[in-house]
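# Summary of the model geometry
As a plain string of letters, each chain reads:
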Amino acid sequence: MTNMEKYKEAFKEALEIDDNALTDDLAFDSIPEWDSVGHMRLMASIEDAFDIMFETEDIMDFGTFGKGKEILQKYDVEL
């Protein structure tokens, strides 16, 4: 499984959404599933998928699917 597939899978599992919703514009609070509780599930899912630990600032900045890809680069995750 590629890193991009892992990233997408983390979103799909944590937020219970399908591939069609996964665009760079998908944003926190833009869908009912990505609320504060969903956000924490998502962060945990991504941390588990890539064996990393987000800094608090990155959790707060992780506001879109696209921004998340940028943040993962900081942790040496190539998508």
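Predicted model, so just to flag it, every value in this text is computed and none were measured.

This part covers helix α1 (residues 3–15). Taking 1.5 Å of rise per residue, 13 residues should cover 18 Å, and α1 covers 18 Å from first to last C-alpha, within 8% of that figure. On its buried side, α1 packs onto α2 (36–50) and α4 (65–74). Backbone geometry just after α1 places E16 at a positive phi near 55°.

Taken together, the side chains of E16, D29, E33 and D35 define an acidic patch exposed on the protein surface. Mapped onto the elements of the fold, D35 is located in the loop between α1 and α2.

Within the fold, H39 resides in helix α2. Not counting residues within four places of it along the chain, the set of residues in contact with H39 comprises F28, W34, I59 and F62.

A separate point is α4. An α-helical turn contains 3.6 residues, so a residue and the one three or four places further along point in the same direction. For α4, the set of buried residues is F65, G66, G68, I71 and L72. Its buried side turned inward, α4 meets α1, α2 and α3 (56–61). Among the residues trailing α4, D76 stands out with phi positive, at a value near 60°.

A few words now on the packing of α1 against α2. At their nearest, the axes of α1 and α2 sit 9 Å apart, and the two run at 150° to each other. Looking at the two axes, α1 sits roughly antiparallel to α2. Both α1 and α2 take part in a crossing whose hand is right-handed. Two secondary-structure elements touch here, α1 through N3, K6, Y7, A10, F11, A14 and L15 and α2 through G38, R41, L42, S45, I46, A49 and F50. Residues that form the contact of α1 with α2 fall into these classes: nine nonpolar, three polar and two charged.

What counts and how
- Residues numbered from 1 in each chain as written.
- Predicted model: local features only at pLDDT ≥ 70, side-chain atom pairs only at ≥ 80, totals over all residues.
- Heavy atoms only, no water.
- Helix = DSSP H or I, 4+ residues; strand = E, 2+ residues; numbered from the N terminus.
- Expected span 1.5 Å × (residues − 1).
- Contact = heavy atoms within 4.5 Å.
- Patch = residues over 30% accessible without salt bridge, like charges linked within 9 Å, V, L, I, M, F, W, Y side chains within 5 Å.
- Areas by Shrake-Rupley, 256 points an atom, 1.4 Å probe, with all protein chains shown as cover.
- Salt bridge = Lys/Arg side-chain N within 4 Å of Asp/Glu carboxyl O.
- Lys, Arg positive; Asp, Glu negative; His and termini not counted.
- Charge placed at Lys NZ, Arg CZ, Asp CG, Glu CD.
- Buried < 20%, exposed > 50% of the residue type's maximum accessible area, 1.4 Å probe, protein only.
- Axes fitted to C-alpha atoms, helices over the stretch in contact; angles between N-to-C directions.
- Parallel < 35°, antiparallel > 145°, perpendicular 65-115°, else oblique.
- Left-handed = near helix turned anticlockwise from the far one by under 90°.
- Nonpolar A, V, L, I, M, F, W, Y, C, P; charged D, E, K, R; others polar.

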